Amino acid sequence: MGKGCHLSPTFAAIKNVVVVLNFLSLLSGVILITVGCYGAANQKITFLKVYVVSLFICIIIQIIIGSIAFAYHQDIDSILDRSWSKAFRDDKQLIVDVEQYFHCCGFNSLSDRAVPPCRYYTPCYASVKDSLAYSLQTIGIVGVVLGILELICLLLAAVLIIHIIRVHREEPNERQALLAETRRLDDAIRQTYERRCRLHHS
C-alpha cells in the first residue's frame, strides 16, 4: 500500500471510535428496548423503572451532546482553523488524508498550510466546513427526533408504572371485598337452610 493510502493515527483513531460508538449505541438500544418490552409485557415494575431511568439518562446525554454540537456550530471557523494548525504541526498525514478525502489542497488557499505534493486546486476550508456543519446539523436533527420519541416512551412507561402500582394497591381491597361478599352469600345460604329446616320440623 502506497504512502498516499496510509491513514494517519488520528484519522484511524477517529474511524475506530465512530465504529465502536455505533456498535455500543446499537447494543445499548437493543438492551434498553428488550428491558422495556419485557417489563411492559409482564408488568414488572423493576424492569420498567430500569427502563425509565436509563431512558432519562439517554435524554440527558443527548441534551449535552446537542448543546456541545450547537456550541461548536457557533464557533466552527475558529475550531477548524485551530484543528488544521494543530494537524499541520503534529500530524501532517491527517492533512493529507483530509486533502485526499475532500479532493482539496491547503486550508484557506492552496498555499495555506498545505502538505505537498498537492494534486487538487481547491482549498479545503469550504468543503471541510460544509461537511462539519452538515454533520452537526444531522446530529442536532437526529437528537431532537430521538429525544421526542424517547420522551414519549418515558411518559408512557411512567404512566404504566403508576397504573401497575395502582392495580397492585387495589387488589387487596378487591380481595377483601370479594371475601366479604362470599361470607355474606354463605351467611344468606346458611340462614335460608336453617329456615327451611325449621319449617320442615314444624
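From a predicted model like this one, the values you see are computed outputs, not experimental measurements. (Residues numbered from 1 in each chain as written. Predicted model: local features only at pLDDT ≥ 70, side-chain atom pairs only at ≥ 80, totals over all residues. Heavy atoms only, no water.)

(A) Representation of the nonpolar core. Counting 13 residues, the largest nonpolar core has Leu 80, Trp 84, Ile 95, Val 98, Cys 124 and Val 128 as the members making the most contacts within it. Elements supplying a minimum of two residues to this core: α3 (76–90) and α4 (92–102). Contacts of Leu 80, omitting those with residues within four sequence positions, involve Phe 107, Tyr 125, Val 128, Lys 129 and Leu 132. In this structure, Val 35, Tyr 51, Val 52 and Ile 164 belong to the second largest nonpolar core, which totals twelve residues. (Core = buried A, V, L, I, M, F, W, Y, C linked by side-chain atoms within 4.5 Å. Buried < 20%, exposed > 50% of the residue type's maximum accessible area, 1.4 Å probe, protein only. Helix = DSSP H or I, 4+ residues; strand = E, 2+ residues; numbered from the N terminus. Contact = heavy atoms within 4.5 Å.)

(B) Quick peek at the UniProt feature "transmembrane region" (unreviewed entry) in the protein chain. As annotated by UniProt and renumbered to match this structure, "transmembrane region" (unreviewed entry) occupies residues 17–38, 50–72 and 139–165. Structurally, residues 50–72 is divided into 100% helix and 0% strand, and its ends, taken at the C-alpha atoms, are 33 Å apart. Helix makes up 100% of residues 139–165 and strand 0%, with an end-to-end C-alpha separation of 38 Å. (UniProt positions renumbered as here; feature names shortened; annotations may be inferred.)

(C) Seen up close, α3. An ideal rise of 1.5 Å per residue puts 21 Å on 15 residues; α3 measures up with 21 Å between its terminal C-alpha atoms. When we look at burial in α3, the residues that qualify are Ile 76, Ile 79, Leu 80, Trp 84 and Ala 87. What you see down the axis of α3 is that its buried residues fit within an arc of 125°, all on one side. Opposite the buried face of α3, by more than 90 degrees, sit the exposed residues Arg 82, Arg 89 and Asp 90. (Expected span 1.5 Å × (residues − 1). Arc of directions from axis to C-beta.)

(D) Seen up close, the state of the cysteines. Using the criterion set out here, one finds two disulfides in the structure. Between the sulfur atoms of Cys 104 and its disulfide mate Cys 124 the distance is 1.9 Å. Measuring the twist about the S-S bond at about 100°, one finds the Cys 104-Cys 124 disulfide to be right-handed. Note that Cys 104 is positioned in the loop between α4 and α5 (125–201) and Cys 124 in the loop between α4 and α5, a separation of 20 residues in sequence. The class of Cys 104 is buried, set by a relative accessible area of 1%. The disulfide partner of Cys 105 is Cys 118, and the gap between their sulfur atoms is 1.7 Å. Disulfide Cys 105 to Cys 118: torsion about the S-S bond roughly 80°, handedness right-handed. (Disulfide = S-S within 2.5 Å.)

(E) Focus on a nonpolar patch on the surface. Together, Val 53, Phe 56, Ile 57, Ile 60, Ile 61, Ile 63, Ile 64, Ile 65, Ile 68, Tyr 72 and Ile 139 line one region of the surface with nonpolar side chains, adding up to about 990 Å² of accessible area. Tallying contributions element by element places helix α2 (residues 45–74) first for the nonpolar patch, with ten residues. Along the polypeptide, Val 53 turns up in helix α2. Judged by its relative accessible area of 49%, Val 53 is partly exposed. (Patch = residues over 30% accessible without salt bridge, like charges linked within 9 Å, V, L, I, M, F, W, Y side chains within 5 Å. Areas by Shrake-Rupley, 256 points an atom, 1.4 Å probe, with all protein chains shown as cover. Salt bridge = Lys/Arg side-chain N within 4 Å of Asp/Glu carboxyl O.)

(F) Region of the structure containing unusual backbone geometry. The residue after Pro 116, namely Pro 117, is reached through a cis peptide bond having omega 0°. Phi angles above zero are rare outside glycine, and His 103 is one such case at about 55°. Note on placement: His 103 falls in the loop between α4 and α5. Phi at Arg 113 is positive, roughly 50°, even though this residue is not glycine. The exposure class of Arg 113 is buried, given its relative accessible area of 17%.

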